[in-house]
Amino acid sequence: MKRIYILGAAGSIGEQTLDVISQMPDAFQLVGISLSTDHYKNQSILDRFQVEICCLRVSDDLPFYEHKYPNVQFVIGDQGLLDIASYPKSGILVNALSGSAGLKPTMRAIESGKDIALANKETLVMAGDLVIEAIQKYGVKLLPVDSEHSALWQTLKGESMDDVLKIIITASGGSLRHLDRYQLDNVTLSDALKHPNWSMGAKITIDSATMMNKGLEVIEAHHLFGLPYDQIETILHDESVVHGFVAFKDGTMKASLSVSDMRIPIAYALHYPKRVDYPHHLELSNLSFKPMDFDRFPLLKLSYEVGKTGGLLPTVMNAANEAAVKLFIHGDISFLEIESIIIFCIQPLKKSSKPIDPFKNTSRMFTERGKSCSSLTSSFSS
Ligand code: MG
């Protein structure tokens with residue numbers, strides 16, 4: 001029986017991880033979870049699973065939960081995530097947090113000897129070199145959960161990386177793929193949240209619409225598979241059936257295909273190296289592929305440049321993206337301003353190779369535009 005911890009258990013990936021665990025309850029013991037501010041969801045999870053430790057977002061909720069679940073140890077906030085990561089029992093920590101909040105708990109869990117099932121790509125974008133170094137130092141496993149990276153991991157199984165010519169990550173194009181750049185001016189939040197193939201959280205769905213998600217995934221793949229950026233390609237694939245290709249030096253190409261269901265890569269990571277039954281098998285139909293359009297999706301092109309430059313630039317890009325997406329979700333900026341903010345934050349650093357203060361630059365832009373910058377700077381600091 002494998003011990004499992006889930007950070008972000010009430011989110012989209014977290015709930016699908018709970019589904020995977022429920023399907024084979026004898027295979028897993030859910031030891032620790034972090035929850036949301038949605039009390040209905042939180043209680044439904046705590047009623048179904050007998051966990052030992054649980055992280056709540058805010059301390060105000062503590063008396064209620066401690067009274068209702070007296071056998072659970074409750075911890076709070078960011079420190080609580082670290083408490084779960086360092087809980088003194090080995091196991092797999094599923095990091096299903098959204099955004100940069102995932103980094104510190106991942107590092108703490110590695111240092112505590114836990115294997116990491118990583119759905120939080122921002123962790124590798126921000127600190128891939130440090131994370132990979134820590135994984136090797138502490139001798140734990142890093143199990144990809146992102147569907148494309150799981151596909152590549154499966155496709156590379158038994159192969160030598162010396163034989164790999166390149167890997168190709170597929171991209172659906174996201175919710176706004178049918179629009180050209182001129183039509184992106186007036187898209188609404190609800191337009192951007194309608195992903196054609198995947199059921200995911202708000203942040204990653206917006207990232208898919210801007211193609212920043214694919215940019216983050218290229219950087220994630222660079223760290224996971226140790227390949228240079230010129231051996232990592234992206235391709236447009238409407239159906240999200242093929243998740244990744246590996247091209248080998250001998251002219252052979254392998255691919256991994258499945259229905260678009262995150263429970264498949266989650267189950268592969270949790271049951272690894274075993275495969276388990278899944279009820280919905282793929283029926284093959286027409287599959288379409290198109291070359292990536294870097295003019296339509298400039299943030300993907302930027303991500304390659306940022307990844308190649310390395311250093312702190314991926315961290316700055318990730319922070320700018322997180323802040324900009326938060327502003328878009330709150331209705332403070334337009335869809336295209338997500339791109340503008342990220343490019344604005346990155347440009348000075350690219351030109352000068354000197355560290356920049358993202359607060360200062362974006363504040364200046366917002367002041368120039370006559371808008372309040374307070375919400376943006378608070379996004380950066382939160
Ligand atoms: Mg993905």
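What you see is a predicted model; the values in this text were computed from it and never measured.

**So, the side chain of Ser36**
Topologically, Ser36 is positioned in the loop between β2 (28-34) and α2 (39-48). When its relative accessible area of 15% is taken as the criterion, Ser36 is described as buried. In terms of polar contacts, Ser36 uses its side chain to reach the backbone amide nitrogen of Asp38, at 3.0 Å. With residues near it in sequence (within four places) discarded, Ser36 still touches Ala10, Asn42 and Arg57.

**Thoughts on the domain arrangement of the protein chain**
Each domain of the protein chain was delimited in the assignment, giving domain 1 (2-145) and domain 2 (150-381). The C-alpha-based centres of domain 1 and domain 2 are spaced at 23 Å. Contact residues are listed per partner, giving 31 residues for domain 1 and 29 residues for domain 2. Together, the buried faces of domain 1 and domain 2 total about 2600 Å²; carbon and sulfur atoms form 66% of this surface. The largest contributions to the domain 1 side of the interface with domain 2 come from Lys121, Val125 and Pro144, which together make up 26% of the buried area. Run the count over domain 1 and domain 2 and you get three salt bridges. Arg263 is the salt-bridge partner of Asp19, the closest N and O atoms lying 3.5 Å from each other. The tally of links between domain 1 and domain 2 comes to seven residue pairs in polar contact (both at pLDDT 80 or more).

**With respect to the side chain of Arg296**
Assignment of secondary structure puts Arg296 in the loop between β12 (290-291) and α12 (298-309). Of the side chains with opposite charge, Glu339 lies nearest to the buried Arg296, which makes no salt bridge, at 5.7 Å. Within the structure, the side chain of Arg296 is placed 2.8 Å from the backbone oxygen of Leu176, a separation counted as a polar contact. Among the polar contacts made by the side chain of Arg296, one reaches the main-chain carbonyl oxygen of Leu179 at a distance of 2.8 Å. With residues near it in sequence (within four places) discarded, Arg296 still touches Leu176, Arg177, Leu179, Asp180, Arg181 and Leu184.

Scoring rules and cut-offs
- Residues numbered from 1 in each chain as written.
- Predicted model: local features only at pLDDT ≥ 70, side-chain atom pairs only at ≥ 80, totals over all residues.
- Heavy atoms only, no water.
- Helix = DSSP H or I, 4+ residues; strand = E, 2+ residues; numbered from the N terminus.
- Buried < 20%, exposed > 50% of the residue type's maximum accessible area, 1.4 Å probe, protein only.
- Polar contact = N/O pair within 3.5 Å; in protein donor to acceptor, adjacent residues only side chain to side chain.
- Contact = heavy atoms within 4.5 Å.
- Domains from an automatic or database assignment.
- Buried area = accessible area lost by both parts, 1.4 Å probe.
- Salt bridge = Lys/Arg side-chain N within 4 Å of Asp/Glu carboxyl O.
- Lys, Arg positive; Asp, Glu negative; His and termini not counted.

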